[in-house]
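# Structural overview for review
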Amino acid sequence: MAKPAKSGSPAPAKVSQSTASPTIIRKHEDYTSEGVEDYDVFLLPGSDYQAMLAVTVLATIVRLFRIYQPSSVVFDEVHFGGFASKYIKGKFFMDVHPPLAKLLITLAGWLAGFDGEFDFKDIGKDYLEPGVPYVAMRMLPAICGILLVPTMFLTLKAAGCRTMTAVMGSCLIVFENGLLTQARLILLDSPLMIMTAFTGLAFTSFTNQHEQGPSKAFQPTWWFWLAMTGLGLGATASIKWVGFFTIAWVGSLTILQLWVLLGDVKTVTPRLFAKHLVARIFCLIVIPITFYMAMFGIHFICLVNPGDGDGFMSSEFQATLNSKAMQDVPVDVAFGSRVSIRHHNTQGGYLHSHNLMYPTGSKQQQITLYPHKDENNLWLLENMTQPLDISGEPINGSLAWDALPSPEFIKDGDTLKLYHLTTHRRLHSHDVRPPVTEADWQNEVSAYGYEGFEGDANDFFRVEIIKKMSDGEEAKKRLRTIETKFRLIHVMTGCVLFSHKVKLPEWASEQQEVTCAKGGTLPNSVWYVEQNEHPQLGETAEKVNYKNPGFFGKFWELQKVMWHTNAGLVESHAWDSRPPSWPILRRGINFWGKDNRQIYLIGNPIVWWSSTLAVAVFAVFKGIAVLRWQRGFRDYNNPIFKRFDYEIGTMVLAWAFHYFPFYLMQRQLFLHHYFPALYFAVMALCQVYDYVTARVPGIGLRENPIFGRLGAIVFLALTAVVFTIYSPLAYGNPWTQSACKQAKLFETWDWDCNTFLHDYSQYSTQSINANADVHKTDSPLIPTNAPVAPAGGQAAQQPLIQDHHGISEAPPPVVSEPPVALPVGQSILSREEKVEYRDQDGNLLDPEQVKALEGKVSFKTRYETRTRLVDAQGNEIPQPDGAGVAPPHPDVDGVDSSTLGKPEPESQDAPVAQKEVRADESKEESIAKSDKGAAKPASEGNEATGV
């Protein structure tokens with residue numbers, strides 16, 4: 001990319017040596033760039049503002065058309081609508097995205113009367129019956145989508161393009177199906193796009209002021225656009241971290257500007273250069289950082305109550321939430337202390353036990369990690385021998401240490417027993433494999449004994465203080481609440497009390513597994529005392545509490561948690577895709593389906609392919625230009641050539657910064673991640689068109705502007721036609737199977753044409769009840785090739801194959817009834833429900849067999865709703881095979897093969913029953929793969945529900 005021209009020494013006017021027609025060039029004596037005029041967007045002629053208003057009105061019509069449709073939860077509205085509920089209730093949650101857009105969506109809902117009671121739990125869940133102001137919440141992204149159109153217009157004008165070109169670029173945004181789809185739903189991408197576009201407008205305008213030289217430097221317009229660039233950067237990064245790509249783009253071009261200033265030794269003194277540098281540091285670094293941190297300040301002010309995301313945060317962080325804070329507790333831990341012990345690394349919670357037994361192994365009482373405060377977290381610390389009274393006789397009982405004249409503090413290396421107060425059993429380990437992690441280096445941890453039982457040697461654990469992790473000199477010598485980090489080493493086997501992010505099955509309420517690991521990793525074997533009580537440590541005893549991390553501590557911790565959580569989203573998703581497929585629009589995303597309608601995110605192929613072609617054309621141009629420059633050609637002496645190279649190169653650079661970093665990411669990626677890059681590619685396309693038709697001399701188009709206008713009109717007409725063809729997928733409008741199949745150019749465009757009816761007239765007879773029950777599932781679509789109920793039938797669809805880790809009765813199915821016109825004389829008489837259990841071969845299991853398997857296997861629960869048609873006399877009407885039966889859940893279909901992970905090998909010594917169930921699961925997955933996938937929320941938006 002060519003940098004803005006600067007002068008080396010005064011020179012007389014000279015004739016360009018470009019191969020183009022002779023052009024008189026005025027060489028500047030300062031850093032003013034050649035061929036640059038003042039394109040202040042505040043000083044445009046009135047006709048330009050009228051044109052901008054016209055395309056904005058058009059965008060408003062397109063974006064708001066039937067925005068109330070569909071009236072149920074769509075795709076990631078599951079997450080971002082749910083976050084609005086949590087903001088209103090003040091419940092802390094964890095999301096991988098910064099808070100600005102979520103706060104704005106919450107504000108829109110709150111102003112419209114949303115009380116936060118609706119949970120947005122499932123795709124397809126109805127908005128109307130509970131009275132959710134979903135239209136108002138969707139209006140926020142819609143307004144952002146509308147504003148994207150005039151922002152494109154003004155940016156192209158700020159870059160020096162003709163009004164016709166600016167109108168063309170704006171209309172390309174209007175008729176881009178993918179941007180339309182995102183702008184009509186409660187999603188973050190539309191706010192992200194407007195902030196990215198605003199930053200592009202501000203920086204383009206600032207660059208125009210900068211390139212006009214010293215006469216414009218530090219003028220009000222110069223300062224305004226520089227400050228707005230910083231504000232835009234802060235806002236963009238505060239919506240999604242994709243905004244840091246925008247920061248990288250602006251930063252690289254700012255460094256180029258400073259480099260040019262540094263080379264102007266005649267007009268830019270060191271003091272003036274320092275002024276330029278400080279101005280940019282303040283506006284492009286201080287303002288964005290301040291804005292970004294302010295958004296998290298508001299985030300913390302709103303979320304003051306514990307929620308399902310606080311398990312991701314440290315104990316110090318959690319203590320700042322209402323009801324999570326604790327009173328000061330005695331700092332010294334002695335024998336006889338009643339304590340709660342917390343795991344340090346996973347934030348999984350407290351060492352916990354309850355009166356339930358392991359179904360396998362020793363079948364002794366379970367030991368788990370529980371994330372909430374509970375009386376079952378309390379342990380009494382006993383010495384391995386009973387204390388002696390003044391006569392030298394042992395004092396019996398677990399409360400014996402209360403009778404001592406002074407407390408006996410627990411020191412590094414002491415051996416103790418942990419007595420569970422509520423069940424009267426002691427923490428215990430032995431050479432038995434745990435129920436889930438059955439590795440040889442893992443031993444089971446249980447609670448063993450009964451009230452009055454003194455225990456045995458397998459109850460002994462040695463305290464090993466980790467000095468480098470403990471806070472204070474005393475905490476490195478003896479056990480102190482919160483301050484001391486320690487390990488508990490089982491004396492008999494040498495293993496270490498250990499926990500990791502592995503959940504136990506339903507028989508343990510899916511709490512976190514605790515084991516005794518031989519050579520366990522240090523972070524996962526570190527514990528500390530949180531609560532501490534001892535009768536001999538009264539009010540005068542030294543107290544301790546968590547240190548308040550303050551705003552900066554909470555801010556930095558949350559950034560780290562967001563980073564690690566984001567990086568951990570590596571599992572395949574049914575609708576993910578990889579960066580090489582984005583510029584060619586290889587695949588979209590299934591958002592929603594119901595009532596023979598579908599919403600599928602797919603771009604306008606005319607816009608995508610032409611913008612990709614423009615980027616490719618510039619890449620070829622740049623390569624040839626560099627080769628010619630190396631061979632001594634003086635193309636860059638031509639100001640038009642130079643401006644083409646710099647101005648389009650700027651936008652292509654923005655495209656590259658917003659596209660290529662995704663190649664480095666292993667996490668889940670989706671088509672909508674390409675939208676910021678698409679915006680800049682469209683900018684490059686329009687600038688290339690403007691140069692070819694209005695600026696480049698010698699090819700006849702500049703001299704005959706009618707051809708340029710006619711070409712833009714034809715191109716926009718084609719774009720609008722293609723937009724109309726695919727608009728049913730954006731709006732969720734009626735469509736026919738034949739029209740759908742004709743529009744489906746590639747097999748990878750995998751929306752389901754069988755979702756739609758055969759003829760538009762069938763939609764007019766379809767009585768759609770907006771308040772009807774909807775799918776309580778994340779997969780509401782009927783897969784491709786599924787049997788279609790005949791015109792007289794009523795088939796109610798239900799989700800199949802949901803995970804349940806224990807054997808429990810299936811909940812009553814929630815029936816969604818797509819209304820179908822029934823022939824005269826037919827009606828719904830009744831519904832019957834029953835639960836059946838079958839093995840992997842489909843054989844029916846009796847209750848005794850089910851009971852025998854309980855706790856040993858995990859079942860996949862299949863929900864089926866079968867419909868019998870009867871006439872007025874009660875006679876059953878035969879149906880074709882498969883009609884009225886819900887099709888298999890397409891849970892794994894559509895996964896991009898490049899994102900699939902490798903299957904884990906099965907353990908060779910797994911119980912036979914478990915192997916059979918696994919075979920059943922694989923069988924069901926293979927069935928599902930034959931059908932098209934259904935809409936599922938992207939896990940990138942997954943909130944924290946625990947660790």
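Residues numbered from 1 in each chain as written. Predicted model: local features only at pLDDT ≥ 70, side-chain atom pairs only at ≥ 80, totals over all residues. Heavy atoms only, no water.

If you check an unreviewed UniProt entry, the chain appears there as Dolichyl-phosphate-mannose--protein mannosyltransferase from Hyaloscypha variabilis. The Function (unreviewed entry) comment attached to the chain in UniProt states, word for word, "Transfers mannose from Dol-P-mannose to Ser or Thr residues on proteins." According to UniProt, the comment filed for the chain under the heading Subcellular location (unreviewed entry) is "Endoplasmic reticulum membrane". (UniProt positions renumbered as here; feature names shortened; annotations may be inferred.)

### Focus: a nonpolar patch on the surface
On the surface, L277, I281, F282, I285, V286 and I289 cluster together to form a nonpolar patch covering roughly 480 Å² of accessible area. I289 gets classed as partly exposed once you look at its relative accessible area, which sits at 45%. (Patch = residues over 30% accessible without salt bridge, like charges linked within 9 Å, V, L, I, M, F, W, Y side chains within 5 Å. Areas by Shrake-Rupley, 256 points an atom, 1.4 Å probe, with all protein chains shown as cover. Salt bridge = Lys/Arg side-chain N within 4 Å of Asp/Glu carboxyl O. Buried < 20%, exposed > 50% of the residue type's maximum accessible area, 1.4 Å probe, protein only.)

### Topic: the side chain of T415
Residue placement: T415 occurs in strand β8 (residues 415-420). Not counting the four nearest positions on each side in its chain, T415 is found in contact with F335, N383, M384, F460, F461, R462 and V491. (Helix = DSSP H or I, 4+ residues; strand = E, 2+ residues; numbered from the N terminus. Contact = heavy atoms within 4.5 Å.)

### Overview of the packing of aromatic side chains
With the rule as written, the count across this model stands at 64 aromatic pairs. Plain terms: the ring middles of Y448 and F453 are 6.0 Å apart, the flat faces sit at 85° to each other, and that makes the pair edge-to-face. We classify F453 as partly exposed; its relative accessible area is 22%. Relative to F662, the ring of W582 lies with its centre 5.3 Å away and its plane at 75°, an arrangement referred to as edge-to-face. You can see W582 sitting in the loop between α12 (550-567) and β17 (589-594) and its partner F662 sitting in the loop between α14 (639-657) and α15 (675-695), a full 80 residues away along the chain. For the pair W582 and F662, one class covers both residues: buried. Linked through ring pairs, F92, W241, F244, Y292, F296, F300, F317, F551, F552, F555 and W563 together constitute an aromatic cluster. (Phe/Tyr/Trp six-rings, centres within 6.5 Å; stacked < 30°, edge-to-face > 60°.)

### Some details on the nonpolar core
Ranked by size, the top nonpolar core spans 168 residues in total, and within it F120, F591, W655, Y679 and W751 carry the most contacts. Element by element, the count of residues in this core is highest for α15, at 13 residues. Ignoring anything within four residues of it in the chain, the contact list for Y679 reads L148, T151, M152, T155, I173, M193 and A197. Counting residues in hydrophobic clusters, the runner-up holds 32 residues, among them L381, V445, L488 and W527. (Core = buried A, V, L, I, M, F, W, Y, C linked by side-chain atoms within 4.5 Å.)

### Observations concerning the packing of helix α7 (residues 189-211) against α15
Packing of α7 against α15 leaves a shortest axis separation of 10 Å and a crossing angle of 40°. Taken together, the axis directions place α7 and α15 in an arrangement best described as oblique. Here α7 runs over α15; the crossing is right-handed. When α7 is examined against α15, the residues L192, M193, T196 and A197 are found in contact with a partner set consisting of F675, P676, Y679 and F680. Along the lines of polarity and charge, the residues of the contact of α7 with α15 split into seven nonpolar, one polar and no charged. (Axes fitted to C-alpha atoms, helices over the stretch in contact; angles between N-to-C directions. Parallel < 35°, antiparallel > 145°, perpendicular 65-115°, else oblique. Left-handed = near helix turned anticlockwise from the far one by under 90°. Nonpolar A, V, L, I, M, F, W, Y, C, P; charged D, E, K, R; others polar.)

### Describing the pairing of strand β14 (residues 512-517)
Judged by how many residues are buried, β14 sits mostly within the fold: six of six residues are covered. Bridging between strand β6 (residues 365-370) and β14 involves two bridges; their strand directions are antiparallel. Opposite T368, over in β14, you have E513 as the bridge partner. Both strand β10 (residues 442-448) and β14 contribute to a ladder of three bridges, which runs antiparallel. The partner of N443 across the bridge, within β14, is C516. Note: strand β13 (residues 496-503) against β14, five bridges, orientation antiparallel. If you follow K503 over to β14, its bridge partner there is Q512. (Pairing = 2+ DSSP bridges.)

### Things to note about the packing of helix α2 (residues 77-89) against helix α3 (residues 100-111)
Their axes nearest at 9 Å, the elements α2 and α3 cross at an angle of 70°. The orientation of α2 with respect to α3, classified from their angle, is roughly perpendicular. Where α2 abuts α3, its residues F80, F83, A84, Y87 and I88 lie against K102, L103 and T106. Across the contact of α2 with α3, the residue classes break down as six nonpolar, one polar and one charged.

### Structural notes on the environment of L701
When you line up the elements, L701 lands in the loop between α15 and α16 (705-731). Separated by ten residues in the primary sequence, L701 and Y691 place their C-alpha atoms 9.8 Å from one another.

### Overview of the state of the cysteines
Under the definition given, this model contains two disulfides. With its sulfur 2.0 Å from that of its partner, C495 forms a disulfide with C516. When the S-S torsion is 100°, as for the bridge of C495 with C516, the disulfide is right-handed. Within this pair, whereas C495 is found in the loop between β12 (486-490) and β13, its partner C516 is found in strand β14, the two being separated by 21 residues in sequence. Of the two residues, C495 and C516, neither departs from the other in class, the shared state being buried. Each disulfide pairs two cysteine sulfurs, and for C740 the partner residue is C753, the sulfurs being separated by 2.0 Å. Between C740 and C753, the S-S torsion sits near -80°, and that sign places the bridge as left-handed. Separated by 13 residues along the polypeptide, C740 in helix α17 (residues 737-743) and C753 in the loop between α17 and α18 (760-765) bring together distant segments of the chain. Both residues of the pair, C740 and C753, belong to the buried class. Among the cysteines of the chain that take part in disulfides, numbered as they appear in the sequence, the pairing is 1-2, 3-4. (Disulfide = S-S within 2.5 Å.)

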